[in-house]
Every structure is written in structure tokens, then in C-alpha cells.
Amino acid sequence: MAGLRASNGAAIVILDADLQEPLRHLETMLAHRAKGYEMIYAVRAHRADETCIKRLFTGIFYALLNLGAEAPIPADARDFRLMDRRVVDALCALPERNRFMKGLYGWVGFRTKSVPVELDRRQAGTSKFGFGALVRLGLTGMTSFTTWPLRVWTSIGFAIAMLSILYGSWILLRTLVFGVEIPGWSTLTVAIFLLGGVQLISIGVLGEYLARVFTEVKGRPGYIVAEISEAEEMPR
């Protein structure tokens, strides 16, 4: 963000420091910009160079992230991208501090185009972005662009409450037909499950309100003006 705010060009390019994305793809990006696209980003052509575990966790993460996201986030998108000045200005105008940039790229919109890229070997050094950093990045993305973790507990609460009601009805019917087996056990069990379900429902409702407050605190603009056209005066 420091680089984006300091830039003043008509088009800005972001590139990872490991130089794994070949710079020759800039020609393709510039060609797409000439066609009217305002954000052209690289996507991995494949993930054959990654371990099966990393591919699995990456797929699960993006599936969960896009489950309730405001804007779809491509799973294989890279930070290597060319952006028009208007896109950069829109990103710089967002007031939030904990930024999940891949989500913000999709949220600001504009006309986008993906470019498949075959990654080269790292030019020098080793990656400092380990598993812990990936987990922190994932938590930032999940809490910034989706509220489904809050909503899921409401559904679980309703499910538990309904199961407790059905189970209580079955206990009542069995008691009426066959008599009481263990006095007080059925009532206590049903009460615990019912109260547990009601508590989870209450937490889910509070979570919904907290999600709204969370969205307002971030202060994202309600809309972004991509272009202003002067209206021609109608003839009288």
C-alpha cells in the first residue's frame, strides 16, 4: 500500500520480489489494457510444483472464503498484476488497516482479465512465508470477506433445538406407552439439549449484529465511481 499510494503513473504493476512471474507477460497485460481492461492479473497455470497437502488446504480455504464472500475471489490469482490509475485510487481510498488484498482486488470491481502464468524458479534466497504466515493470512481473509462462520452457529443452534424437541417428544411417547425407566433422566437430558440449542441461537443472533457492526467499522464506501461523463445539454 505504501508503493501504491506513492505511485503516480497511469498504470501500476505489482510484482513479487522472488521474480517467479516472468516479466514477458507484461506485454500481454498491456495489450489487454489497450482493449479496455482496467485490472489484468496473473493466475497460476497449474499447481504441480506444490505438495498435495498444500493444494488440498488451498482448495478448502478458497471454497470456504467464496462461500459467503461479497465478491468472488479467484483461487489461483497472483499478486502480479497491472492496474489502471482508477483501480489504484479506489484501493487507496479504502480506510481499513488489516487488508486481505486478493479480496480487495475483487471487491473494487472494474473490468478485469486473467492471464495464465507458468512460474519460474525463485531467483535467490528462500521463502520467509511459512505455514504460520499462511494461517494468519487465511484468518484475515475469512474475517474480512465473509460472515458465514457467524451464521453457521445459528443453524447449528436451530438444529440442536429441533432435535431436542423431537427427542423430548419421543421420550414422552415412550414414557406414556412403556412407563418410566429412570426417573428424571429424560427431563434433564431434554432440558440440557434445549437450553444448549437456545444459547447457540442467541449467540448466532448476536453474531449477526456483530457482523453488521464489523462491516460498518471498516468504513468501506458504499460505491465506487469508475468514470464521470459530462451530460450533453438537450436541445430546446
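Our structure is the block above this text.
Let me sum up the structure you'll find in this document. (Residues numbered from 1 in each chain as written. Predicted model: local features only at pLDDT ≥ 70, side-chain atom pairs only at ≥ 80, totals over all residues. Heavy atoms only, no water.)

## Some points on the sheet that holds strand β4 (residues 112–117)
Okay, so step 1: One open sheet accounts for four strands, arranged β1-β3-β2-β4; its pairing is mixed. Each edge of the open sheet carries a strand with a single partner, namely β1 (11–14) and β4. Recorded for the sheet is a direction-independent mean angle of 20 degrees between the axes of neighbouring strands.
Okay, so step 2: Strand direction decides the pairing type here: strand β2 (residues 39–44) and strand β3 (residues 77–84), joined by four bridges, are antiparallel. Directly across from I40, in β3, lies its bridge partner L82.
Okay, so step 3: Across the sheet, helix α2 (residues 25–34) touches β1, β2, β3 and β4, and the angle it forms with β3 is around 45 degrees.
Okay, so step 4: Packed onto the sheet, helix α5 (residues 101–108) meets β1, β2 and β3 and runs at close to 40 degrees relative to β3. (Pairing = 2+ DSSP bridges. Helix = DSSP H or I, 4+ residues; strand = E, 2+ residues; numbered from the N terminus. Axes fitted to C-alpha atoms, helices over the stretch in contact; angles between N-to-C directions. Contact = heavy atoms within 4.5 Å.)

## As for a nonpolar patch on the surface
Okay, so step 1: A cluster of nonpolar side chains, W170, L172, L173, L176, V177 and F178, forms an exposed patch at the surface whose accessible area comes to about 720 Å².
Okay, so step 2: Relative to the helices and strands, L176 resides in helix α7 (residues 148–178).
Okay, so step 3: A residue is classified by how much of its surface remains accessible, and L176, at 67% relative accessible area, is exposed. (Patch = residues over 30% accessible without salt bridge, like charges linked within 9 Å, V, L, I, M, F, W, Y side chains within 5 Å. Areas by Shrake-Rupley, 256 points an atom, 1.4 Å probe, with all protein chains shown as cover. Salt bridge = Lys/Arg side-chain N within 4 Å of Asp/Glu carboxyl O. Buried < 20%, exposed > 50% of the residue type's maximum accessible area, 1.4 Å probe, protein only.)

## Quick look at the side chain of E21
Okay, so step 1: In this fold, E21 is placed in the loop between β1 and α2.
Okay, so step 2: Among the polar contacts listed, one links the side chain of E21 to the side chain of R78, at a separation of 2.9 Å.
Okay, so step 3: Setting aside residues no more than four positions away along its own chain, E21 makes contact with L15, D16, R78, F80, V117 and L119. (Polar contact = N/O pair within 3.5 Å; in protein donor to acceptor, adjacent residues only side chain to side chain.)

## Considering helix α4 (residues 85–93)
Residues spaced three or four apart along an α-helix face the same direction, because each turn holds 3.6 residues.
Okay, so step 1: Those residues of α4 that fall on the buried side of the exposure criterion are R85, V87, V88, A90, L91 and C92.
Okay, so step 2: Those residues of α4 that are buried lie in contact with α1 (2–6), β1, β2, β3 and α5.
Okay, so step 3: Taking the backbone nitrogen of R86 as reference, a side-chain oxygen 3.1 Å away marks D84 as the first, capping residue of α4.

## Some details on the nonpolar core
Okay, so step 1: L4, L65, M83, V87, L91 and V108 are the most contacted members of the largest nonpolar core, which has 22 residues in total.
Okay, so step 2: Sorting the residues of this core by element identifies α3 (52–65), α4, α5 and α6 (131–145) as the ones contributing at least two each.
Okay, so step 3: Setting aside residues no more than four positions away along its own chain, V87 makes contact with E38, M39, V108 and F110.
Okay, so step 4: The next biggest cluster of nonpolar side chains, apart from the first, holds seven residues, and it includes M29, I40, L82 and V115. (Core = buried A, V, L, I, M, F, W, Y, C linked by side-chain atoms within 4.5 Å.)

## Looking at the layout of surface pockets
Okay, so step 1: There is about 1,500 Å³ of room inside the largest pocket.
Okay, so step 2: K54, K102, F129, L134 and L137 are the residues nearest the centre of the largest pocket, which is lined by 36 residues in total.
Okay, so step 3: Secondary-structure elements contributing two or more residues to the lining of the largest pocket are α3, β3, α5 and α6.
Okay, so step 4: Per-element accounting of the lining of the largest pocket gives the leading share, eight residues, to α3.
Okay, so step 5: Here the lining of the largest pocket is built from residues that sort into 19 nonpolar, four polar and 13 charged. (1 Å grid on protein atoms, 1.4 Å probe; cavity = no way out; pocket = protein on both sides within 12 Å on 5 of 7 lines; lining within 4 Å. Points joined across faces, edges and corners; volume = space filled by probe spheres on them. Nonpolar A, V, L, I, M, F, W, Y, C, P; charged D, E, K, R; others polar.)

## Quick notes on the packing of α4 against α5
Between two packed helices, what matters for the description is the angle formed by their axes and the separation of those axes.
Okay, so step 1: Contact pair α4 / α5: the axes reach a minimum separation of 10 Å and the direction vectors enclose 120 degrees. Considered as vectors, α4 and α5 are oriented oblique to each other. Considering the relative orientation of α4 and α5, their crossing is right-handed. Contacts between α4 and α5 pair V87, A90 and L91 from the former with L104, Y105 and V108 from the latter.
Okay, so step 2: Its residues placed into classes, the contact of α4 with α5 shows six nonpolar, no polar and no charged. (Parallel < 35°, antiparallel > 145°, perpendicular 65-115°, else oblique. Left-handed = near helix turned anticlockwise from the far one by under 90°.)

## What to know about unusual backbone geometry
Where the residue is not glycine, phi is negative for most of them; where a peptide bond is considered, it is trans in most cases.
Okay, so step 1: Phi at F110 takes a positive value of approximately 70 degrees, unusual for a residue other than glycine.
Okay, so step 2: The residue F110 is located in the loop between α5 and β4 in this model.

## Some details on the pattern of salt bridges
Okay, so step 1: In the structure shown here, the tally under the stated rule is seven salt bridges.
Okay, so step 2: Here the salt bridges share partners, and the residues they tie into one network are R33, E38, D84, R86 and R111.

## What about the environment of R111?
Okay, so step 1: Tracing the chain through its elements places R111 in the loop between α5 and β4.
Okay, so step 2: For the pair R111 and G138, spaced 27 residues apart in sequence, the C-alpha to C-alpha distance is 26 Å.
Okay, so step 3: Excluding residues within four positions of it along the chain, R111 makes contact with G36, Y37, E38, M39 and R86.
Okay, so step 4: Polar contacts involving the side chain of R111 include one to the main-chain carbonyl oxygen of G36, which spans 2.9 Å.

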